[in-house]
Amino acid sequence: MITPSQLDAVEDSLALEVRADQLPLDVIENNTSIDGPAQSIVNELLVQGAKLIVGPRGCGKTHLMRFAWARSANEASLPLVIYVSFNKYLRLEPLLRTKSNALDIFHGWILSLCYLGLYEAIEEHLKRETPKEVDDLWVEYLKEDLVAIVARLERGGALQTDHQEIFDSLSLVQLREAIDRVATALHRGRAVVLLDDAALTLAPEYLPNFFDFFRAIKSSRISPKASVYPGTTEYGPRFHVAHEADEVPSWISVEHPKYSQLMESIGTKRMSGYEMVPPDVREVFKYA
């Protein structure tokens, strides 16, 4: 039996931030277990080629994406990784009813977020002791302008004149060139763009546009990876999954031979006093 003091220790350790995209990178780096099946998912996030990371909400797609991002920033042999979250896409849904150019706005919003992701990657690399040519780590748009544009679009407001000019000048070709330039400056042979919360299941009108972007940003040096939901994500008529990208299951089954090993590693890293819990109780936790 587990004692009250042991239970208190476990409960205290469970005061965790449940959204991985809000955790600091050092917390992600130091508290992530990638034993067994999780390691293969991280590998797929870093290899060349387009991938769709498939799994239900809460199975760890965001966590493993951010871990891969942090790992890349530390290891010069890995590609440049850019992390972009679309978790605020619901704010653009009303535009479908109020703006005739809602799809154009959505496309520009995607480009703006990718530029901000590139800025965040640059800032993270500048903090770390990895090879870099600092003079070449530049982006054609100011970060504060991009932040203001994204915020305004997500509120459904009209852009200021100068921001509208920037918005109108955004292009996929220019974004790809910027990613290539920054990757070269960081001595990386290629880049990976992680497109998180990209399922967009509640806005099917946007889906063909998103997957057109996914397909178009792919190149010999840029590999997009998008997180999607199983069975509910609609890819649109122009995107053929088997041809455009490989599917990577991210839901780790309880029947996986290394499931218990992975959960043991997670418990050891994240729960203080975990070793005080009797083994049979720990086994119950793993399957709860």
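Because the structure is a prediction, the values reported are computed rather than measured.

Definitions and limits used
Residues numbered from 1 in each chain as written. Predicted model: local features only at pLDDT ≥ 70, side-chain atom pairs only at ≥ 80, totals over all residues. Heavy atoms only, no water. Phe/Tyr/Trp six-rings, centres within 6.5 Å; stacked < 30°, edge-to-face > 60°. Helix = DSSP H or I, 4+ residues; strand = E, 2+ residues; numbered from the N terminus. Buried < 20%, exposed > 50% of the residue type's maximum accessible area, 1.4 Å probe, protein only. Salt bridge = Lys/Arg side-chain N within 4 Å of Asp/Glu carboxyl O. Axes fitted to C-alpha atoms, helices over the stretch in contact; angles between N-to-C directions. Left-handed = near helix turned anticlockwise from the far one by under 90°. Contact = heavy atoms within 4.5 Å. Nonpolar A, V, L, I, M, F, W, Y, C, P; charged D, E, K, R; others polar. Core = buried A, V, L, I, M, F, W, Y, C linked by side-chain atoms within 4.5 Å.

A. Layout of the packing of aromatic side chains. Within this structure, the stated rule accounts for 13 aromatic pairs. With 6.1 Å between their ring centres and 25° between their planes, W69 and Y83 make a pair best called stacked. Note that W69 is positioned in helix α4 (residues 61–74) and Y83 in strand β2 (residues 80–85), a separation of 14 residues in sequence. Here W69 and Y83 have matching classes, each one buried.

B. Inspection of the pattern of salt bridges at higher detail. Taken as a whole and assessed by the stated rule, the structure comprises 16 salt bridges. As a salt-bridge pair, E75 and R71 come within 3.5 Å of each other at their nearest N and O atoms. Residue E75 is classed as partly exposed on the basis of its relative accessible area of 33%. Judged by its relative accessible area of 24%, R71 is partly exposed. In this structure, E283 engages K286 in a salt bridge whose closest nitrogen and oxygen atoms are separated by 3.0 Å. With E283 and K286 both in helix α13 (residues 279–287), this residue pair falls three residues apart, about one helical turn. In this structure E283 comes out as partly exposed when scored by relative accessible area, which is 31%. Each of the salt bridges in this network shares a partner with another, and the network as a whole consists of D212, R215, K218, R238 and E244.

C. Quick look at the packing of helix α3 (residues 37–46) against α4. Where α3 meets α4, the closest approach of the two axes is 9 Å, and the angle between their N-to-C directions is 65°. Crossing of α3 over α4 shows right-handed handedness. For the pair formed by α3 and α4, the contact residues are A38, Q39, I41, V42, L45 and L46 on the first element and L64, M65, F67, A68, R71 and S72 on the second. The residue inventory of the contact of α3 with α4, partitioned by class, reads nine nonpolar, two polar and one charged.

D. Spatial organisation of the nonpolar core. Core analysis: the biggest nonpolar cluster contains 88 residues, and L52, W109 and L195 have the highest contact counts within it. Leaving out residues up to four positions away in the same chain, L52 has contacts with F211, F214, A226, V228, Y235, F239, V241, A245, D246, E247 and V248.

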